[in-house]
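Given next are the chains, with one letter for each unit.
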Amino acid sequence: MSAIVEMRNITKHFGHVIALAGVSFDIRQGECHCLLGDNGAGKSTFIKIMSGVYKPSGGEVLVEGVPTLFQSPRDAMTAGIATVYQDLAMIPLMSVSRNFWMGREPERGVWPFKTFDTGKADEITVTEMRKMGINLRGPDQAVGTLSGGERQTVAIARAVYFGAKVLILDEPTSALGVRQTANVLSTIDRVRKQGIGVVFITHNVRHALAVGDRFTVLNRGQTLGTAERGTVDAAALQDMMAGGQELALLEASLGGTI
Amino acid sequence: MTDVIPDALKDERIKPVSPLRRALIRPELGGICGTILVFLLFAVVAGDSGMFAAEGVMNWTVVSAQFMVIAVGACLLMIAGEFDLSTGSMIGFSGVMIAILSVHIGVPLWLAIVMTFVFCILLGGVNGWLVIRTGLPSFIVTLAFLYILRGLTIWSSIYFTRQTIIGGVAEKAATDWLAPLFGGKILGGLFTWMGEMGWIATFTRGNRAGQPVIDGIPMLVVWAIVLVVFGHWLLTRTKFGNWIFAAGGDALAARYVGVPVNRVKILMFMFSAFCACVFATCQVMEFGSAAADRGLLKEFEAIICVVIGGALLTGGYGSVIGAALGAVIFGVVQQGLFFANAESSLFRVFLGVILLTAVIMNTYIRRIITGER
């Protein structure tokens, strides 16, 4: 199966700091590709390039085989790449419906009297949330009253509804409890089955192994290669993330990709 | 559906919400309660002072409308997450600019008004642009403009006319086509008719004997109503309104989903400047003169109206209707104390108490919205 988005040899420099030193990554339809790495490994920088927030210093981004340079997050969204950020997913003071449609509000009427079609917006929001397993008290319920896992789910539902082909989840489980995490992981599974490619960023190996089809580990701005499901275990991933003493050993097992 | 929903996702822990609590999280609630309270208070202490006769009503309506005009701009800007402390100086500046251009340079009054509006809205844009570009708090950037504009106003007034009050605008306004839009009055016929019917008082002596004590609704009041309706519609019924909430609620989150946050914020700075200009132009037309010290402290009064109206100082939450009610409270209290023959300095005490109460209540309301943490 060909990749929806392929990142080839991406580098990113911030002044004297080399955040990424040649990282390759690809995401296919209907898979969950986990991007693992410790804090400061460059995960966030990498996905910000993928979602159009940063421009890469070097390397290529291919969307369905075509080299593409995103000028803004909006470009990436148009190309079908949606990102759900860990803490920036939702605005707590705004209602679920207003959050859901933020930036893409449906309108009705004629200019200059175009209005935000709240009726339609509310209806679709409630339906989509129910599909994801969240029963809202009402579409005007403030996001602040939702739990962390539910907020992630609203953001995921939003991305899916707006036709995401690739869904990037930035540490969606890092601040969640056990049950909340289970909900988010089952949401990932549900989304994957719809044929969407999920990029799941985490530093929790167990969460990654629970849903991941492939695993890529970042360490100090470099990738240690991509492994298929079943070829690695938790201990191996953990060691790669830590970049510890067993690096030499792992280098052999991964086929010398470093 | 139910077969795919894990138990954990069922909201078994969400309590039903009482209607009272639901009403409480409407931003206007504080404003509504405050307005009722203030009216009741003055009905008791100043009920027989003429405060609620036609003339008295017009008196506090005009004062409230003044606050309303600038409060609408401040409200939308605050919801978008920024402040404009240069509003008061902008009022002084635009008034003096109109007067200098029309009286001392000889530009036709309508052109002077248009030029002033364009220039001041651009200045508002500069305010916004600086805030966005530098990433500094708007508090500091607009504080700088508070001083810059006030200084320029006084300097230019003295440079061109050797005085700080510039008269002669009234003569120009008499023959101008645009001036009545700011200085005129409407519905004069209605009030004459109401006077004839004996519903409102009429003059009994002098050369206006028989005419009603009110000869129409000042355009300032019309502007206030139009701006409030427009602001409320924009905020709650349009896509752009959603962007205003989003920009103030969390600029980064909004930016990541494609909301043009910078454009929204700069436009709101420009709108705030526009409101200041409306205020100034109406005032210049009413007095027939401009003065370099006009608009002093107006920026804070606008912010107070907005906060009393339930908006959060941190942005992302608020209501134009609330801000308008805040302006009514402000106007009624200020004029009411005058009617009640209270010591005028007490006004500030009263204002401080209202402000503090409103802010404390808003903090509580925010805790309810964001799930009481």
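Residues numbered from 1 in each chain as written. Chains lettered and ligands numbered in written order. Predicted model: local features only at pLDDT ≥ 70, side-chain atom pairs only at ≥ 80, totals over all residues.

## Things to note about the domain arrangement of chain A
Per the domain assignment, the segments making up chain A are domain 1 (3–90 + 164–253) and domain 2 (93–145). The C-alpha centroid of domain 2 of chain A is placed 30 Å from the C-alpha centroid of domain 1 of chain A. (Domains from an automatic or database assignment.)

## Comments concerning the interface of chain B and chain A
Residue-level contacts link 29 residues of chain B with 32 residues of chain A. Contributions of two or more residues to the side of chain B that touches chain A are made by helix 11 (239–249) and helix 12 (251–256) of chain B. Here the element with the most residues in the side of chain B that touches chain A is helix 11 of chain B; it accounts for six residues. When its residues are assigned to classes, the side of chain B that touches chain A shows 17 nonpolar, eight polar and four charged. (Contact = placed C-beta atoms within 7 Å. Helix = DSSP H or I, 4+ residues; strand = E, 2+ residues; numbered from the N terminus. Nonpolar A, V, L, I, M, F, W, Y, C, P; charged D, E, K, R; others polar.)

## Some points on the sheet that holds strand 12 (residues 222–228) of chain A
Residue and element names in this part refer to chain A. Taken together, the six strands give an open sheet; going across it, the order is 6-9-10-3-11-12, and neighbouring strands pair in mixed fashion. Each edge of the open sheet carries a strand with a single partner, namely strand 6 (81–84) and strand 12. Across the sheet, the axes of successive neighbouring strands diverge by a mean angle of 15°, strand direction being ignored. As defined by bridge partners, strand 6 adjoins strand 9 (residues 166–170) across four bridges and the pair is classed as parallel. For Val84, the partnering residue across the bridge sits in strand 9 and is Leu169. Helix 1 (residues 43–50) rests against strand 3 (32–37), strand 6, strand 9, strand 10 (197–202) and strand 11 (214–219) of the sheet, and its axis sits at about 150° to strand 9. In this fold helix 6 (residues 178–193) packs onto strand 3, strand 9 and strand 10, with an angle of close to 155° to the strand it touches most, strand 10. (Pairing = 2+ DSSP bridges. Axes fitted to C-alpha atoms, helices over the stretch in contact; angles between N-to-C directions.)

## Structural notes on the pairing of strand 11 of chain A
On a regular strand, each side chain points to the face opposite its neighbour's, so the side chains alternate between the two faces of the sheet. All names here are of chain A. Of all six residues making up strand 11, five are buried, and the element is well covered by its neighbours. In terms of strand pairing, strand 3 meets strand 11 through five bridges, oriented parallel. Following the sheet pairing, His33 is matched in strand 11 by Arg214. Pairing of strand 11 with strand 12 involves five bridges; the strand directions are antiparallel. Residue Phe215 lies in a different strand from strand 12, and its bridge partner there is Ala227. What sits between strand 11 and strand 12 in their antiparallel hairpin is a turn of two residues, with Arg220 showing a positive phi close to 45°. (Buried ≥ 20, exposed ≤ 12 C-beta atoms within 10 Å, placed from the backbone.)

## Some remarks on helix 2 (residues 29–45) of chain B
One turn of an α-helix holds 3.6 residues; hence residues three or four places apart share an orientation. Residue and element names in this part refer to chain B. Over its 17 residues, helix 2 extends 24 Å from the first C-alpha to the last, a length consistent with the 24 Å expected when each residue adds 1.5 Å. Taken as a whole, helix 2 has its buried residues at Gly30, Gly31, Gly34, Val38 and Phe42. Around the axis of helix 2, the buried residues are gathered within 90° of arc, so they sit on the same side. The outward face of helix 2, more than 90 degrees from its buried face, is lined by the exposed residues Ile36, Leu37, Leu40 and Val44. In this structure, the buried side of helix 2 is in contact with helix 14 (298–308), helix 15 (320–339) and helix 16 (346–369). (Expected span 1.5 Å × (residues − 1). Arc of directions from axis to C-beta.)

## Details of the packing of helix 4 (residues 87–104) of chain B against helix 14 of chain B
Residues and elements named next belong to chain B. It is the contact of helix 4 with helix 14, at a shortest axis distance of 6 Å, that shows an interaxial angle of 130°. Put simply, helix 4 runs oblique to helix 14. Seen from helix 4, the contacting residues are Thr87, Gly88 and Ile91; seen from helix 14, they are Lys298, Glu299 and Ala302. Residue classes in the contact of helix 4 with helix 14 are distributed as two nonpolar, two polar and two charged. (Parallel < 35°, antiparallel > 145°, perpendicular 65-115°, else oblique.)

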